[in-house]
Amino acid sequence: MTDPPPIPPEAEPEAHHATEADEDRVLVDIYGEPDPDGFYRGGG
Amino acid sequence: MGSASAMIAEARKWLGTSGRPNTLTRAYASRHGDGFLRAPWCDIAVTEWARRSGNADAVLPAGDRAYTVWHAQDFQKIKRWYTGTAANIDKAKPGDIVFFDWGSSNTIGAIDHVGIVEKVLGGGRVQTIEGNTGDACKRRVRSASSIAGYGRPAYTAYKWNGKAPAATLRRGDVGDRVRDLQNALMKAGERLPEFGADGDYGVETVNAVTSFQRKHDISETAGVYGSRTAAALQKALSPRPPEEDDEVRYYGQLNNGPAAITPISIHPGDATAIGFWGDNGIQQLPPASIRVAIHDAKGWYSEILVVDSAKPKPWIRFRDPKTTDGVSIRREDDGAVAVAWDAS
């Protein structure tokens, strides 16, 4: 085990958003519709 | 023992986790200090998933990580790092740890986010599970343009044991038992054309289970792998007993008595399986127990069988019929039940 890691900086905004225009369509195709909170929880 | 599918299964459990602190950051902070309670937690999530799924050695080659740059360097140092070109992304595998930068630089120093590959989509894209994306754990679709590279953990290789798993499994389940089911379904002739044995009980697996149930006339909830489906699938995987019109080339009766041995010579290529039956039910005797040793070009292998007239006739399919030239059967019981055999 090495030294404890440093506290990381906040990620760039892109990390928090879809970066592919068709993300929702792809996820719906694989997992079905998201739950009411917008999470895709289904099995693919 | 860890595996890629166990790692993915663990990640899936956390879909929907949001906010800080959360269970993942609390666990990490308990080991590394309260400063991590509200820290950016994408790599904390990967660290916790690895620890909880038995994959710490594979996913965390230098120990716990919260800082993505160091984590990527860990993979680079052990030569398990793949730069995020479109060609490389198409070679990624479920369970790979994927690191992001947002300037298409593919430089490790620019990395500030991480996730796990759940599916490889082709066209230089993957579908991921990421912690701390919108301060939540979500599925994302990412392309080579935002991927700096990925680390390939030295997961324990999965190997199917050739059997159908025990019931019950259903849509949404993940892990090696699902992979066992998927391999068993494919062995039984069902199709999983897109995702194969990926350990994810999704629509494709539901359809394959439903198809199997329909073909075998199983009355059980469609698409759910329940006990009836499990029994039928295991039966489908068992060596196929010769049909009535198959030519029985060899047959005979075992020598009776404790430890009695019956040697059988077989001309290589003549038979593919040997089966046994006994009449213990007539005299209400216990089932017969026999050890069947089979010889082929690779040597001897053996199996113990229970021969019970109340149950289906047990068969052993030869592993290499072309070179199988002998069988030796030893009674493992008191030899009271007469047992007959045939090979075809």
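Look up: the structure comes first, before these words.
Notes on the structure follow. Note that residues are indexed from 1 along each chain, following the sequence as it is written. Note on labels: chains are lettered from A, ligands numbered from 1, in written order. Owing to the predicted nature of the model, reporting of local features is limited to residues with pLDDT of at least 70; listing and counting of side-chain atom pairs is limited to 80 or more, with chain, interface and lining totals taken over all residues. Only hydrogens and water are set aside; all other atoms, that is, all heavy atoms of the structure, feed into the side-chain values.

### A closer look at the interface of chain B and chain A
For an interface, size is often stated in terms of accessible area lost upon the parts coming together. Here, residues are in contact when the closest pair of their heavy atoms is within 4.5 Å. Each partner contributes residues to the interface: chain B has 45 residues there, and chain A has 31 residues. It is Trp102(B), Arg139(B) and Val141(B) that lose the most area in chain B upon contact with chain A, and together they represent 18% of the buried surface on that side. Whenever Lys or Arg places a side-chain nitrogen within 4 Å of a carboxyl oxygen from Asp or Glu, that contact is recorded as a salt bridge. Summed over the shared surface of chain B and chain A, the result is four salt bridges. Here a polar contact is taken to be a pair of N or O atoms separated by no more than 3.5 Å, where protein atoms must pair a possible hydrogen donor with a possible acceptor and residues adjacent in sequence count only if both atoms sit in side chains. At the boundary of chain B and chain A, one finds 20 residue pairs in polar contact (both at pLDDT 80 or more). Numbering goes from the N terminus for both helices and strands, where a helix is a DSSP run of H or I of at least four residues and a strand is a run of E of at least two. Of all the elements in the fold, those that place two or more residues in the side of chain B that touches chain A are helix H2 (23-32), strand E3 (113-122), strand E4 (125-130) and strand E5 (138-143) of chain B. Grouping the amino acids of the side of chain B that touches chain A by side-chain chemistry returns 16 nonpolar, 13 polar and 16 charged. Throughout, the accessible surface (probe 1.4 Å) given up by two parts as they are put together, summed over both, is called the buried area. Amino acids are sorted into nonpolar (Ala, Val, Leu, Ile, Met, Phe, Trp, Tyr, Cys and Pro), charged (Asp, Glu, Lys and Arg) and polar (every other residue, Gly among them).

### Looking at the state of the cysteines
By definition, a disulfide is the covalent link that joins the sulfur atoms of two cysteine residues. Residue and element names in this part refer to chain B. A pair of sulfur atoms, both from cysteines and within 2.5 Å, is called a disulfide here. Applying the stated criterion across every chain yields a total of zero disulfides over all chains. Cysteine Cys-42 remains unbridged, with the sulfur of Cys-137 as its closest cysteine sulfur at 11 Å. Burial classes: relative accessible area under 20% of the type maximum marks a residue as buried, over 50% as exposed, and values in between as partly exposed (1.4 Å probe, protein chains only). Look at Cys-42 and you get buried, because its relative accessible area is 4%. The class for Cys-137 is buried, based on a relative accessible area of 0%.

### Some details on the packing of helix H1 (residues 4-13) of chain B against helix H3 (residues 42-52) of chain B
Residue and element names in this part refer to chain B. Running from amino to carboxyl end, H1 crosses H3 at an angle of 125°, the nearest separation of the two axes being 9 Å. As judged from the angle between their axes, H1 and H3 are oblique. Along this stretch, H1 crosses H3, giving a crossing that reads as right-handed. Taken together, the residues of H3 that come into contact with H1 (itself represented by Met-7, Glu-10 and Ala-11) are Val-46, Trp-49, Ala-50 and Arg-52. Residues belonging to the contact of H1 with H3 are distributed by class as follows: five nonpolar, no polar and two charged. To get an axis, a line is fitted to the C-alpha atoms, and for a helix only the part in contact is used. The angle between two axes follows their N-to-C directions and goes from 0 to 180 degrees. Oblique is the label for any angle not under 35 degrees, not over 145, and not in the 65 to 115 range, which are roughly parallel, roughly antiparallel and roughly perpendicular in turn. Each crossing gets its hand from how the near helix is turned against the far one by less than a right angle, where anticlockwise is left-handed and clockwise is right-handed.

### Things to note about the side chain of Glu23(A)
Mapped onto the fold, Glu23(A) is located in helix H1 (residues 23-31). Side-chain polar atoms of Glu23(A) contact the backbone nitrogen of Val141(B), separated by 2.8 Å. Setting aside anything within four residues of it in sequence, one finds Glu23(A) in contact with Ala18(A), Arg139(B), Arg140(B) and Val141(B).

### A look at the packing of helix H7 (residues 176-187) of chain B against helix H8 (residues 203-215) of chain B
Residues and elements named next belong to chain B. Viewed as axis vectors pointing N to C, H7 and H8 meet at an angle of 45°, and their least axial separation amounts to 11 Å. By the angle between their axes, H7 is oblique relative to H8. Between H7 and H8 lies a crossing whose hand is left-handed. Counting all contacts with H7, which are made through Leu-181, Gln-182 and Leu-185, the residues of H8 involved are Thr-205, Ala-208, Val-209 and Phe-212. Here the residues of the contact of H7 with H8 sort into five nonpolar, two polar and no charged.

### Comments concerning the pattern of salt bridges
One pass over the full model with this rule turns up 27 salt bridges over all chains. Residue Arg12(B) pairs with Asp200(B) through a salt bridge whose shortest N-O separation is 2.8 Å. Of this pair, Arg12(B) sits in helix H1 while Asp200(B) is found in the loop between H7 and H8, placing the two residues 188 residues apart along the sequence. Across the pair, Asp200(B) and Arg12(B) agree in class, each one buried. For Glu48(B), the salt bridge is made with Arg52(B), and the minimal N-O distance between the two is 3.6 Å. With a gap of four residues between them, Glu48(B) and Arg52(B) both fall in helix H3, about one helical turn apart. Residue class for Glu48(B) comes out buried when judged on its relative accessible area of 2%. Here the residues in one salt-bridge network are Glu20(A), Asp22(A), Arg25(A), Asp29(A) and Arg125(B), joined through shared partners.

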